[in-house]
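An overview of the molecular structure
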Amino acid sequence: MARRPRVVRTVSALRRTVARFRAAHEPIALVPTMGALHAGHLALVRAAQRRADSVIVSIFVNPTQFAPHEDLKTYPQTFAADIAVLAALKTDLIWAPSVETMYPAGFATRIVPEGPATAGLEDAFRPHFFAGVATVVAKLLIQCEPDVAVFGEKDYQQLKVVARLVRDLDLPVKIISVPTVRENDGLAMASRNAYLSESERAVAPVLHRVLADCAGKIAQGALVARVLDEGGAAIERAGFTLDYLEARHAETLKPIETADDGPIRLLVAARIGKTRLIDNVGV
Ligand code: AMP
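None of these values were measured; they are calculated from a predicted model.

**Re the nonpolar core**
In terms of nonpolar packing, the biggest core is built from 33 residues, with Leu14, Ile56, Trp95, Val136, Val137 and Leu141 touching the most fellow members. Of all the secondary structure elements, the ones that give two or more residues to this core are helix 1 (11-23), strand 2 (28-33), strand 4 (93-95), helix 6 (129-144), strand 5 (148-152) and helix 7 (156-168). In terms of residue count, helix 6 provides more of this core than any other element does, ten residues in total. Once residues within four sequence positions are removed from consideration, Val136 is found in contact with Phe60, Asn62, Gln65, Met102 and Tyr103. The next biggest cluster of nonpolar side chains, apart from the first, holds 25 residues, and it includes Val210, Ala215, Val268 and Ile272.

The structure is reproduced here in structure tokens:
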């Protein structure tokens, strides 16, 4: 059996271990996660291992990025299984702070990002979300002092927010992105897929099918607005409530009208039953 990776739960223990990595002049990579690990997360860990000798995976379900009506209380927690898969991958260190460690009594600082964080995508439906993400990611980067940090394209707007945050705050870390890992039927892997009933799971791949279909049509010169209207209708016909299906500039996330304004990223968010799914593809 693989050796259990070291799990640290206090900032002082984390700092001691990071100092040892640094003393050995080993490049350090950080993979921030909220646990409930799946093959998407593991692709991030492998990408980190290709770029650094020491890989830290953080597991922290960050309460400040959930609104009161959202799923903080039911968010899947599979800590023992997470440790086992990270052991099999020979992860060097797991940073698993408690909420009180991350946000001790009196905690009063928040990073409120703009630019890609106010693009009118996730932020329009989860207004609290990116301040929660930006603050916790800044803390994780300062705590772990990684040379590289790895994020998934699955959360495309988040990836752009983090890249901007790092540039704006002169944080000395390189942000690496990893393409979305999908199930065989195209559904983007996500911890929240565990919420789907059997019948919801059966229709969930429609999201990616529609994205891929829209991307193909736009690439062939079809009118962007019409393609998105038809795509949105197909998603709703399948049983989803659509939050958005948008074509945006892949870097700035600004709205685009024609394929010539690209490179284009298509982004979607839709709800089925109690589950909200997001996905995106390049054109
Ligand atoms: P989470 O635990 O959902 O907060 O995600 C932690 C990291 O894993 C984020 O950088 C996500 O973008 C990334 N991630 C989640 N799902 C996938 C996926 N299917 N493929 C690639 N990366 C993913």
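From this point, the narrative continues.
**Focus on the domain arrangement of the protein chain**
You'll often see interface size given as the accessible area lost when the parts meet. For the protein chain, the assigned domains are domain 1 (6-178) and domain 2 (191-278). Computed from C-alpha atoms alone, the centre-to-centre distance between domain 1 and domain 2 is 26 Å. On the side of domain 2, 15 residues touch domain 1, which itself brings 22 residues to the contact. Together, the buried faces of domain 1 and domain 2 total about 1,700 Å²; carbon and sulfur atoms form 52% of this surface. The largest per-residue losses of area from domain 1 upon contact with domain 2 belong to Leu121, Phe125 and Tyr156, which jointly make up 35% of the total buried on that side. Inspection of the region where domain 1 meets domain 2 yields four salt bridges. The partner of Arg192 in a salt bridge is Asp71, with the nearest N and O atoms 2.7 Å apart. Inspection of the region where domain 1 meets domain 2 yields ten residue pairs in polar contact (both at pLDDT 80 or more).

Cut-off values and rules
Residues numbered from 1 in each chain as written. Predicted model: local features only at pLDDT ≥ 70, side-chain atom pairs only at ≥ 80, totals over all residues. Heavy atoms only, no water. Core = buried A, V, L, I, M, F, W, Y, C linked by side-chain atoms within 4.5 Å. Buried < 20%, exposed > 50% of the residue type's maximum accessible area, 1.4 Å probe, protein only. Helix = DSSP H or I, 4+ residues; strand = E, 2+ residues; numbered from the N terminus. Contact = heavy atoms within 4.5 Å. Domains from an automatic or database assignment. Buried area = accessible area lost by both parts, 1.4 Å probe. Salt bridge = Lys/Arg side-chain N within 4 Å of Asp/Glu carboxyl O. Polar contact = N/O pair within 3.5 Å; in protein donor to acceptor, adjacent residues only side chain to side chain.

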